Amino acid sequence: MVNVQKAWLEEQVRQRDEQGIKPTACNTPHRVSDVQSCVRKLTLTAHKARESEEFTSNTFMNFLIGNAIHESIQESLEQVGWHFEAEVPIDLTEASKKVGHGVEEFGLSGHADGIITDDNGHRMVVEIKSVGGFAAKKSWPYPGNAEGPKREHWAQGALYAVGAEADAVMIVYVAKESDYRAGIKAGDIMQWDRGLHEVHPDGGQSLYDIAMDELRHFQYADRYYRKGMIAPAFVPNDHGELELVHDRPEYMAKKGNWRCRYCMFNTVCRSLPADEEVPVEMVDRVQHADA
């Protein structure tokens, strides 16, 4: 008897191995979708290090569902009457000069899910996120809750807006799961939009300020990358501030820093000292030690 799940998972793994590491939009070392990752992960990714964890069937399925949702939303936005362009490649190498006193640039690029241009030439970056029940419950504006999108999603859209010289950012959340207690059903869609220089109502940063913070983090990682090193484990908290994390939980552990728990470089990271930079060759030896 054929085991369908086993056959499906093996095929997903085979296809992923065959595709290899996905190139960045403009062949830069850094990719925008890694926004708010820890500095160590940014250097590992830039060096094209091999991930130390394996995707589960749940992860592969979430990717398939997320891709289908993205394509469906993008197709619908092409019909709204304004000009819509999907999967827009954006190179932030020039924008990187906005930090570091205008002299230190680094390669950073990505694909924006879309850009809407209205009749007045106003340009808005659109970022689409398929979210599970927990994320939907935290962000949906039902009574007593008004958190809105995650900071990292605003940060990603903000970087694209800076690189594309757009005026605003729209975040679109699509619920993949239902939470009837919160009044959320699978398929519900919420959207939020903010001007790039609009100050957050709670007195926080503008999206432009958030983008500059993230450019500084990428710049910090790039300094290690350029000298062939892997950075210490500086991990951003939920406010985007970098913190050195010594106690890194195992992959998929139930407790501990959530960025570490879901990081595909978890095992190799924990094999290295948290507070030291190490040569990239050391990571290669660690990753191939069990081969």
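Look above for the structure.
From a predicted model like this one, the values you see are computed outputs, not experimental measurements.

### Structural notes on the overall build of the chain
Okay, step 1: Helix and strand counts for the chain come out as 9 helices and 10 strands.
Okay, step 2: Taking 291 residues into account, the globule formula puts the C-alpha radius of gyration at 19 Å, and the chain, at 20 Å, falls close to it.
Okay, step 3: Taken over the C-alpha atoms alone, the chain extends approximately 65 × 55 × 40 Å along its principal axes.
Okay, step 4: Out of the 291 residues in the chain, the part that is buried amounts to 45%.
Okay, step 5: A separation of at least 24 residues holds for 65% of the contacts in the chain among residues at least 6 apart in sequence.
Okay, step 6: Accessible area for the chain stands at about 15,800 Å²; split by element, carbon and sulfur atoms hold 50% of it.

### Considering the environment of Ser37
Okay, step 1: For Ser37, the location among the structural elements is in the loop between strand E1 (30-31) and helix H2 (39-46).
Okay, step 2: C-alpha of Ser37 to C-alpha of Leu242: the two residues are 205 residues apart in sequence and 9.9 Å apart in space.
Okay, step 3: Not counting residues within four places of it along the chain, the set of residues in contact with Ser37 comprises Leu42 and Pro236.
Okay, step 4: Of note is the side chain of Ser37, whose polar atom sits 2.7 Å from the backbone oxygen of Asp34.

### So, helix H3 (residues 57-77)
Okay, step 1: Compared with an ideal rise of 1.5 Å per residue, which puts 21 residues at 30 Å, H3 spans 30 Å between its outermost C-alpha atoms and is within 8% of the ideal.
Okay, step 2: Among the residues of H3, those classed as buried are Phe60, Gly66, Ile69, His70, Ile73, Gln74 and Leu77.
Okay, step 3: Packing partners of the buried residues in H3 comprise helix H1 (4-19), strand E2 (83-91), strand E3 (108-117), strand E4 (123-131), strand E5 (168-175) and strand E6 (189-195).

### Some thoughts on the pattern of salt bridges
Okay, step 1: Applying the stated criterion to the full structure yields 14 salt bridges.
Okay, step 2: Ionic pairing is found between Arg151 and Asp213, a salt bridge with its closest N-O pair at 3.7 Å. Note that Arg151 is positioned in helix H5 (residues 151-164) and Asp213 in helix H6 (residues 207-226), a separation of 62 residues in sequence. For the pair shown, Arg151 and Asp213 are each scored as buried.
Okay, step 3: In this structure, Arg151 engages Glu214 in a salt bridge whose closest nitrogen and oxygen atoms are separated by 3.0 Å. Taken together, the positions of Arg151 in helix H5 and Glu214 in helix H6 put the pair 63 residues apart, joining distant regions of the chain. You'll find Arg151 and Glu214 in the same group, each marked buried.
Okay, step 4: Overlapping salt bridges, with partners in common, bring together Arg151, Asp213, Glu214 and Arg216 in one network.

### Side note on the packing of H5 against H6
Okay, step 1: Interhelical geometry of H5 versus H6 gives an angle of 90° and a closest axis separation of 8 Å. With respect to each other, H5 and H6 are oriented roughly perpendicular. On the side of H5, the interface is formed by Arg151, Trp154, Ala155, Ala158, Leu159 and Val162, while H6 contributes Leu207, Tyr208, Ile210, Ala211, Met212, Asp213, Glu214, Leu215 and Phe218.

Parameters and conventions
Residues numbered from 1 in each chain as written. Predicted model: local features only at pLDDT ≥ 70, side-chain atom pairs only at ≥ 80, totals over all residues. Heavy atoms only, no water. Helix = DSSP H or I, 4+ residues; strand = E, 2+ residues; numbered from the N terminus. Rg over C-alpha atoms; globule rule 2.2 N^0.38 Å. Buried < 20%, exposed > 50% of the residue type's maximum accessible area, 1.4 Å probe, protein only. Contact = heavy atoms within 4.5 Å. Areas by Shrake-Rupley, 256 points an atom, 1.4 Å probe, with all protein chains shown as cover. Polar contact = N/O pair within 3.5 Å; in protein donor to acceptor, adjacent residues only side chain to side chain. Expected span 1.5 Å × (residues − 1). Salt bridge = Lys/Arg side-chain N within 4 Å of Asp/Glu carboxyl O. Axes fitted to C-alpha atoms, helices over the stretch in contact; angles between N-to-C directions. Parallel < 35°, antiparallel > 145°, perpendicular 65-115°, else oblique.

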